[in-house]
Amino acid sequence: MQNIKWLFFDLGSTLIDESECGEYRIQELLKQSNAPSREILERRMIEYASKNRLPYKDTAKAFGLETTKWRHDLEKIYDRVPYVLEKLRPSYKLGIIANQELGTEKRLVGYGIRQYFDVVISSAEEGVAKPDSKIFEISLKKAECSPEEACMIGDRLDNDIAPAAKMGMSTIWVRQGPFKYGNVGLVENKPDRIVERIEDVLLYL
């Protein structure tokens, strides 16, 4: 991780704990008349995640279930996130590259962490989403840094790690949330580091 000047973070399941959102959506699936048991549903979600597919959407589709709208009100930051950002801020510039609905900066203010970030790039505002390389190019251009000077930190191998690594960025895969079951063997560009919790990035930075 030498020569790194910028750290870019994903939001969902990286800085933001979405477990209550996920539980709500599972409960809504289980209410439907054609839903399988929770055990079967969760087993299928893990199976899809281990293939780097979308555990919730692909599982709902497989069983013919209606998906439920995302609830931002059930999101919260992981407990150690402010501590991690405080530790990193003196040594690095920090940014966000996230697939989010409109209002990302407002939500960051609500979480109490907006002040840590020099650049906030959201798919809704930019009109392009990960894994498209364009959103990474936009972020690097705004940060005025080269890929070799940047590290992408995220929970998804397909959206965060593989496309950033392909561009020449360093990467840290945080195995949190439903995508923690992802399969490194299925992506061409591997993460440089793998951690189990967001606070563990401090071991390498």
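Above this text is the structure in question.
Computed from a predicted model, the values in this text were never measured in an experiment. Throughout, a residue's number is its position along its own chain's written sequence, starting from 1. Only residues with pLDDT of at least 70 are given local features in this predicted model, and only at 80 or more are side-chain atom pairs given and counted; all residues enter the totals for whole chains, interfaces and linings. Hydrogens and water molecules were not included; the side-chain quantities draw on all heavy atoms of the structure.

**A closer look at the nonpolar core**
The biggest cluster of nonpolar side chains holds 29 residues, and the ones touching the most others in it are Phe 9 and Phe 117. In this description a helix means any DSSP run of H or I spanning at least four residues, a strand means any run of E spanning at least two, and both kinds are numbered starting from the N terminus. For this core, the secondary-structure elements that each account for two or more residues are strand S1 (6–9), helix H4 (81–88), strand S4 (93–98), helix H5 (104–111), strand S6 (150–154) and strand S7 (170–174). Throughout, a contact is declared for two residues whenever any of their heavy atoms are within 4.5 Å. Filtering out sequence-adjacent residues up to four positions away, Phe 117 remains in contact with Phe 9, Leu 15, Leu 85, Leu 94, Gly 95 and Ile 96. Membership of the second largest hydrophobic core comes to 15 residues, among which are Ile 97, Ile 135, Leu 140 and Cys 145. To form a nonpolar core, buried Ala, Val, Leu, Ile, Met, Phe, Trp, Tyr and Cys residues must be joined to one another through side-chain atoms within 4.5 Å. Relative accessibility under 20% of the residue-type maximum defines a buried residue, over 50% an exposed one, and the middle range a partly exposed one, all with a 1.4 Å probe and only protein chains included.

**A closer look at the pairing of strand S5 (residues 119–122)**
Taken residue by residue, a regular strand's side chains alternate between the two faces of the sheet. The two faces of S5 match: Val 119 and Ile 121 on one face and Val 120 and Ser 122 on the other face are all buried. Any two strands between which DSSP finds at least two bridges are classified as paired. Of the pairings in the sheet, the one linking S4 to S5 comprises 4 bridges and is parallel in character. Counted as the bridge partner of Ala 98 is Ser 122 from S5. Traced from S4 through H5 to S5, the parallel crossover comes out right-handed. Crossovers are marked right-handed if the path from the first strand over the helix to the second runs clockwise, as seen with the strands pointing away from the viewer.

**Some thoughts on the pairing of S1**
The two faces of S1 match: Trp 6 and Phe 8 on one face and Leu 7 and Phe 9 on the other face are all buried. Two elements, S1 and S4, share 4 bridges in a ladder whose sense is parallel. When the sheet's bridge partners are listed, Phe 9 is paired in S4 with Ile 96. Pairing geometry for S1 and S6, over 4 bridges, is parallel. By the bridge assignment, Phe 8 is partnered in S6 with Met 152.

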